[in-house]
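Observations on the three-dimensional arrangement
For reference, the chains in residue letters:
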There are 2 protein chains.
Amino acid sequence: MSRTSRDQVSIDQPVLSKNDRIAAEVRKRLDAAGAYAVNLISSPGSGKTTLLEVLGRRLGDRLAVVVGDVQTRRDAERLSEAGVRAVQVETGGACHLSAKNVADVLDEVLGDRPPELLMIENVGNLVCPASFKLGAHMKAAMLSLPEGDDKVLKYPSIFRQSRVLVLSKIDLLPHMDFNVDRVVRECASLNEGCQTFCVSARTGEGMDALCAFLLERCAERATA
Amino acid sequence: MSRTSRDQVSIDQPVLSKNDRIAAEVRKRLDAAGAYAVNLISSPGSGKTTLLEVLGRRLGDRLAVVVGDVQTRRDAERLSEAGVRAVQVETGGACHLSAKNVADVLDEVLGDRPPELLMIENVGNLVCPASFKLGAHMKAAMLSLPEGDDKVLKYPSIFRQSRVLVLSKIDLLPHMDFNVDRVVRECASLNEGCQTFCVSARTGEGMDALCAFLLERCAERATA
């Protein structure tokens, strides 16, 4: 078998479009169940699971979560302890969730009484998850203050694609040299429609606005 | 052309071994130049560039840096402003450095008077960089306190492969619920020989020990 770059393209493409096909099926199943899904993407440690714990305390049964990790089931256990309906996906080494990962657990997470909002916590990684559709209705990028205010243009793909930018650990702002305006401005330069929420899971700052925004999206979807 | 999983393996393998071949060439060139190279891997925002600025102030001409980023040349500019010999590699979307990325800039970064220590700052990503040899003499994993103390078992591959674990932003310890012992214990469970350095680029804590350790490795190499 010859191994030209043309061969590589012809092999890669079916893999990508297979993911897109499964993502389209996931979307159909979500829509049929009346669930609005968000693909939440950030670096490791920016506070995805903690944010979801707080959302879970506010939304109760209206929320369910799919948690992706390279390895371990810790995040789903944390969320379940906080009373959140959560299903873990271990990618077994892969650095991102695929649509198949989501499809495989969708019946379990939607259950008999599907949630209004399904948050899909992607693997902690600012690069690769941006390239794989999951069937969600929007991507949300999360950036925590300790990561620094220079990350938007360094990892542009995810910020370009996200409907929402969540700036987390905002309670640390007085202790850090972090320019919120710079981040918002650089994000807008890539993606004019992206809406920023500054939140702290610790103090609760900004959580009302983020919750309200997500529930509005669920309601819009239900009436669309 | 049939697309069985066997085909996929037979196509992937030459790609990997091509990277390994280039990595072996990089290693030869480093050894010929008398430079000891470290592949530094962490999440975005854990403080790689800041650490290298501090190392640069201490080591002067003895240090050079290759900086990998998905996009932008900011980190090399920051390092050059701090007086560090730094060459930027933009991966153009790839989520990790490859051996070829390093090989392509090696002449430039080694120059006429090669450094004793070459730090290769990988793309900010705790997953994918672990899978690509660069020809360096060791991998160093870096984890900053704000990322949380649960990351070792969630991203085991890089911690399993690293000779050194750098716990950065250690000055934040009094303000965080971060268990250093847990991280060290979980890292040892994967990788008994891994040595931990707790550092703060801001206060300078731990930088003497880390510097001394790296220079010892350079000296060992020179006399081996």
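Located above this text is the structure these notes cover.
All values reported here derive from a predicted model rather than from experimental measurement.

Rules behind the numbers
Residues numbered from 1 in each chain as written. Chains lettered and ligands numbered in written order. Predicted model: local features only at pLDDT ≥ 70, side-chain atom pairs only at ≥ 80, totals over all residues. Heavy atoms only, no water. Least-squares fit on C-alpha atoms with pLDDT ≥ 70 in both. Contact = heavy atoms within 4.5 Å. Axes fitted to C-alpha atoms, helices over the stretch in contact; angles between N-to-C directions. Helix = DSSP H or I, 4+ residues; strand = E, 2+ residues; numbered from the N terminus. Parallel < 35°, antiparallel > 145°, perpendicular 65-115°, else oblique. Left-handed = near helix turned anticlockwise from the far one by under 90°. Phe/Tyr/Trp six-rings, centres within 6.5 Å; stacked < 30°, edge-to-face > 60°. Buried < 20%, exposed > 50% of the residue type's maximum accessible area, 1.4 Å probe, protein only. Lys NZ or Arg CZ within 6 Å of the ring centre and 35° of its normal. Buried area = accessible area lost by both parts, 1.4 Å probe. Salt bridge = Lys/Arg side-chain N within 4 Å of Asp/Glu carboxyl O. Nonpolar A, V, L, I, M, F, W, Y, C, P; charged D, E, K, R; others polar. Pairing = 2+ DSSP bridges.

Below, the discussion takes up the relation of the copies chain B and chain A. Mapping chain B onto chain A calls for a rotation angle of 180° and an axial translation of 0.0 Å; the resulting RMSD is 0.0 Å. Here the two chains are linked by the operation of a two-fold rotation axis. Comparing interface residues between copies, 97% of those in chain B also sit at the interface in chain A, which points to an isologous, same-surface contact.

Quick look at the packing of helix 2 (residues 48-59) of chain B against helix 3 (residues 74-81) of chain B now. Residues and elements named next belong to chain B. In the contact formed by helix 2 and helix 3, the axes pass within 9 Å of each other and the chain directions differ by 20°. In this view, helix 2 runs roughly parallel relative to helix 3, as classed from their interaxial angle. You can see that helix 2 and helix 3 cross each other, and the crossing is right-handed. When helix 2 is examined against helix 3, the residues T49, T50, L52 and E53 are found in contact with a partner set consisting of D75, R78 and L79.

Moving on to the packing of aromatic side chains. Residues and elements named next belong to chain A. Using the criterion set out here, one finds 2 aromatic pairs over all chains in the structure. On the numbers, 5.1 Å between centres and 50° between planes, the contact of F197 with F213 is tilted. With F197 in strand 7 (residues 195-198) and F213 in helix 8 (residues 207-223), this pair connects stretches of sequence that are 16 residues apart. Under the relative-accessibility criterion, F197 is labelled buried at 8%. In this structure, R217 is placed above the aromatic ring of F213, and the distance from its NZ or CZ to the ring centre is 4.4 Å.

Take the interface of chain B and chain A next. Contacts between the two partners involve 36 residues from chain B, matched on the other side by 36 residues from chain A. Together chain B and chain A conceal approximately 3,000 Å² of surface at their shared face, both sides included; 58% is due to carbon and sulfur atoms. Seen at the junction of chain B and chain A, the total is 6 salt bridges. Looking at the side of chain B that touches chain A, the elements with two or more residues in it are helix 1 (5-33), helix 3, helix 5 (151-154) and helix 7 (180-190) of chain B. With 5 residues, the top contributor of residues to the side of chain B that touches chain A is helix 1 of chain B. Taken together, the residues that form the side of chain B that touches chain A break down as 15 nonpolar, 8 polar and 13 charged.

Turning our attention to the environment of I120 of chain A. All names here are of chain A. With respect to the element layout, I120 can be found in strand 4 (residues 117-121). Residues I120 and L40, spaced 80 residues apart in sequence, show a C-alpha to C-alpha distance of 5.8 Å. Each residue touching I120, except ones within four places of it in the same chain, is listed here: A37, V38, N39, L40, V66, L97, V102, L134 and A136.

Under the definition given, this model contains 34 salt bridges over all chains. Salt-bridge contacts for E186 of chain A lead to R74 of chain B; the nearest nitrogen and oxygen are separated by 3.0 Å. With one member in each of two chains, E186 of chain A in helix 7 (residues 180-190) and R74 of chain B in helix 3 form a pair that bridges those chains. There is no split in this pair, since E186 of chain A and R74 of chain B are both buried. With its nearest N and O atoms 2.6 Å apart, the salt bridge here joins E220 of chain A to R217 of chain A. With E220 of chain A and R217 of chain A both in helix 8, this residue pair falls 3 residues apart, about one helical turn. For R217 of chain A, a relative accessible area of 8% puts it in the buried group.

Another point: helix 3 of chain B. When we look at burial in helix 3 of chain B, the residues that qualify are R74, D75, A76 and L79 of chain B. Turning to helix 3 of chain B, the residues buried within the fold contact helix 5 (151-154) and helix 7 of chain A together with helix 2, strand 2 (63-69), strand 3 (85-90) and strand 4 (117-121) of chain B. In the segment just after helix 3 of chain B, G83 of chain B is the residue with positive phi, at about 85°.

Below, the discussion takes up the sheet that holds strand 7 (residues 195-198) of chain B. Residues and elements named next belong to chain B. Strands sit in the order 3-2-4-1-5-6-7 across an open sheet of 7 strands; the sheet is parallel. The open sheet is flanked by strand 3 and strand 7, the only strands paired with a single partner. Averaged over all neighbouring strand pairs, the angle between strand axes comes to 20°, with direction disregarded. Against the sheet, helix 2 makes contact with strand 1 (36-41), strand 2, strand 4 and strand 5 (138-144), and its axis sits at roughly 165° relative to strand 4, the strand it touches most.

All names here are of chain A. The strand order across the open sheet built from 7 strands is 3-2-4-1-5-6-7, with neighbouring strands paired in parallel fashion. Strands with a single pairing partner mark the edges of an open sheet, and in this sheet they are strand 3 (85-90) and strand 7. Neighbour-to-neighbour, the strand axes of the sheet open up by a mean angle of 20°, direction not taken into account. Bridging between strand 2 (residues 63-69) and strand 3 involves 6 bridges; their strand directions are parallel. Bridge assignment links G68 to a residue of strand 3, and that residue is V89. Contacting strand 2, strand 3 and strand 4, helix 4 (residues 99-110) runs over the sheet at an angle of about 160° to strand 3. Across the sheet, helix 7 is in contact with strand 5 (138-144), strand 6 (164-168) and strand 7; its angle to strand 6 comes to roughly 160°.

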